[in-house]
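This is what each chain is made of:
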Amino acid sequence: MKRASSGLFQAAVALLLAGVLATPAQAAKLRVVTTTEDLAALAREVGGDRIDVTSIARGYQDPHFVEPKPSFILLLNRADLLIVVGRDLEIGWLPPLIQQSRNAKIQVGADGYLDASQAAKILEIPTGQITRALGDVHPLGNPHYWLDPENGRRIAQEIQKKLAAMQPADAGYFAGRETGFEQRLTEAEKRWDSAMAPYRGAKVVTYHASWPNFAEHFGLDVVGYVEPRPGIPPSPSHTLDLIAQMKRLGVKLMFVEPYFDLKTPNSIAGATGAQVLVMAPSVGGAKDVTDYFKLFDYDVNLFVNAARQAGVK
Ligand SMILES: [Zn+2]
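All chains use their own residue numbering, which begins from 1 and follows the written sequence. Note on the predicted model: pLDDT of at least 70 is required for a residue's local features to be given, and 80 or more for side-chain atom pairs to be given and counted; whole-chain, interface and lining totals, by contrast, use all residues. As a rule here, side-chain values cover all heavy atoms of the structure and leave hydrogens and water aside.

### Notes on the overall build of the chain
Next up, step 1: Under the scheme used here, helices are H or I runs from DSSP no shorter than 4 residues and strands are E runs no shorter than 2 residues, and both carry numbers assigned from the N terminus. Broken down by element type, the chain carries 11 helices and eight strands.
Next up, step 2: Buried means the residue's accessible area, taken with a 1.4 Å probe over protein chains only, is under 20% of the maximum for its type, while exposed means over 50%, and partly exposed covers the values in between. Per-residue burial over the chain gives 49% buried out of 313 residues.
Next up, step 3: Any pair of residues with heavy atoms lying within 4.5 Å of one another is described as a contacting pair. Taking the contacts inside the chain whose residues are at least 6 apart along the sequence as the reference set, 65% of them involve residues at least 24 apart.
Next up, step 4: Only the protein chains shown count as cover for residues, with accessible areas throughout obtained via the Shrake-Rupley method and a probe of 1.4 Å. Here the chain has roughly 15200 Å² of accessible surface; of this, 56% comes from carbon and sulfur atoms.

In structure tokens:
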């Protein structure tokens, strides 16, 4: 009797294993790696359960400066598709990881490499000579373009085209999900736009130049930065100039990304009476910001509450 039941058990295990190994959806899942959580969130919207998505950077980290880890190389080694922000955002850390992955599929220019900035609206493209010598980390235009929902739409469309090309059997599925995403985004935009409408033209200062696309979409006026140039830490003389300018213009709100020290922003706030808002520049940039919709929900809500309180018109 004992023998028989043990035999049955083993047969059941064998059947289960065979079932797991034979599940076609499991085998067909595309392995997608993104550099940021924003791109991962958008890839999930389009790819649904037909892809596996992992982001290298976390949304509370400065995407310009990510500390490379051996696990990232392993991740890239196994990837079918790598999606990057581009515009040199990842120039300081990604190229050696791609090279060391020894994965021909995801090298720059290969079919498994997608630069999401190709289809996006890019602001602040320098007209003169590129000034990398001065340490500016935005030499190819502003790389924080995902903070305009319209660019979220464009990125999703690019991801859809790429996924369909790589996995034609699921093209209809990806197209359906992309359409659904755009419909939900259009609905959400109405909500965000009407919440922000009373504050069109409001003057703000931001620590880093992460917000030009956000500001353009919602009609905010970014009049200065805590950093003298993108990527250059605040200096005493620049801070004094900024304080004078904020007093002159009556700036009441200052956006700070979660990965910057609050010492300088707090001293500027003390001198001007402006309020410091630690905004989420990315999905994962605050605890509740778990997808692309919650990113704008969070930032719009934070801004509107602070603006109302500060009497911003
Ligand atoms: Zn930047």
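### Some points on the pairing of strand 3 (residues 81-84)
Each regular strand carries side chains that alternate between the two faces of the sheet.
Next up, step 1: Where burial is concerned, the two faces of strand 3 agree: the one with L81 and I83 and the one with L82 and V84 are both buried.
Next up, step 2: Whether two strands pair depends on DSSP finding at least two bridges between them. As paired strands, strand 1 (residues 30-34) and strand 3 are joined by three bridges and run parallel to one another. What sits directly across from V32, in strand 3, is L81.
Next up, step 3: As paired elements, strand 3 and strand 4 (residues 113-115) share three bridges and run parallel to each other. For V84, the partnering residue across the bridge sits in strand 4 and is D115.
Next up, step 4: Since strand 3 and strand 4 lie parallel, the crossover through helix 5 (residues 94-101) that links them has a hand, and here it is right-handed. If the strands point away from the viewer and the path from the first strand over the helix to the second runs clockwise, then the crossover is right-handed.

### Side note on the sheet that holds strand 1
Next up, step 1: Here four strands make up an open sheet; going across it, the order is 2-1-3-4 and the pairing parallel. Sheet topology places strand 2 (51-55) and strand 4 at the edges, where each strand pairs with a single neighbour. Neighbour-to-neighbour, the strand axes of the sheet open up by a mean angle of 20 degrees, direction not taken into account.
Next up, step 2: Packing against the sheet, helix 3 (residues 37-47) makes contact with strand 1, strand 2 and strand 3, and its axis sits at approximately 170 degrees to strand 2. Throughout, an axis means a line fitted to C-alpha atoms (over the contacting stretch in the case of helices), and angles, computed between N-to-C directions, take values from 0 to 180 degrees.

### Side note on helix 7 (residues 171-196)
Next up, step 1: Expected helix span is computed as 1.5 Å times (number of residues minus one). Taking 1.5 Å per residue, 26 residues should reach 38 Å; helix 7 reaches 36 Å between its end C-alpha atoms and fits that length.
Next up, step 2: Taken together, the buried positions of helix 7 are F174, E178, F181, E182, L185, A188, E189, W192 and M196.
Next up, step 3: Contacts made by the buried residues of helix 7 are with helix 3, strand 2, helix 6 (149-166), helix 8 (212-218) and helix 11 (292-310).

### Some details on the packing of aromatic side chains
Next up, step 1: Put simply, two rings from Phe, Tyr or Trp (the six-membered ring, in Trp's case) pair if the centres are within 6.5 Å, and we call them stacked under 30 degrees between planes, edge-to-face over 60, tilted for the rest. As enumerated under the stated definition, the model contains 16 aromatic pairs in all.
Next up, step 2: Through pairs of rings, three or more aromatic residues link up here, namely F181, W192, Y199, W211, F214, F218, F255, Y292, F293, F296 and F303.
Next up, step 3: For a lysine, the NZ atom is tested; for an arginine, the CZ atom; a charge sits over a ring if that atom is within 6 Å of the ring centre and within 35 degrees of the ring normal. For R50, the ring lying beneath its charged end belongs to Y173, and the centroid distance is 3.8 Å.

### Regarding the coordination of the zinc ion
Next up, step 1: Donor atoms from the polypeptide that bind the zinc ion are H64 (NE2), H138 (NE2), H144 (NE2) and H208 (NE2), placed at 1.9 to 2.0 Å.
Next up, step 2: One way to put it: the four donor atoms around the zinc ion meet at angles of 104 to 113 degrees, and that makes the site tetrahedral.
Next up, step 3: Metal donors: N, O and S atoms at distances within 2.8 Å, or within 3.2 Å for Na, K and Ca, with water omitted from the atom set so that some sites may seem incomplete. Counting along the primary sequence, the residues that act as donors to the zinc ion give the motif H-x73-H-x5-H-x63-H. Pair noted here: H64 is in the loop between strand 2 and helix 4 (70-77) and H208 is in the loop between strand 5 (203-206) and helix 8, with a separation of 144 residues, a long-range link. Each label reflects the angles at the metal, where four donors whose angles all fall between 85 and 135 degrees are tetrahedral, four or six donors whose opposite pairs open beyond 155 degrees and whose other angles stay between 65 and 115 are square planar or octahedral respectively, and the rest are irregular.

### Observations regarding helix 3
Next up, step 1: With 10 of its 11 residues buried, helix 3 lies for the most part within the structure.
Next up, step 2: Lining the buried residues of helix 3 we find strand 1, strand 2, strand 3, helix 6, helix 7 and helix 11.
Next up, step 3: Within two residues after helix 3, G48 carries a phi angle of roughly 50 degrees, on the positive side.

### Quick notes on the packing of helix 3 against helix 7
Next up, step 1: Running from amino to carboxyl end, helix 3 crosses helix 7 at an angle of 120 degrees, the nearest separation of the two axes being 7 Å. Judged by the angle between their axes, helix 3 and helix 7 are oblique. Taken together, the residues of helix 7 that come into contact with helix 3 (itself represented by L42, R44, E45, V46 and G47) are Y173, F174, R177, E178, F181 and R184. Geometric relationships in this document are graded by angle, where less than 35 degrees denotes roughly parallel, more than 145 denotes roughly antiparallel, 65 to 115 denotes roughly perpendicular, and other angles denote oblique.

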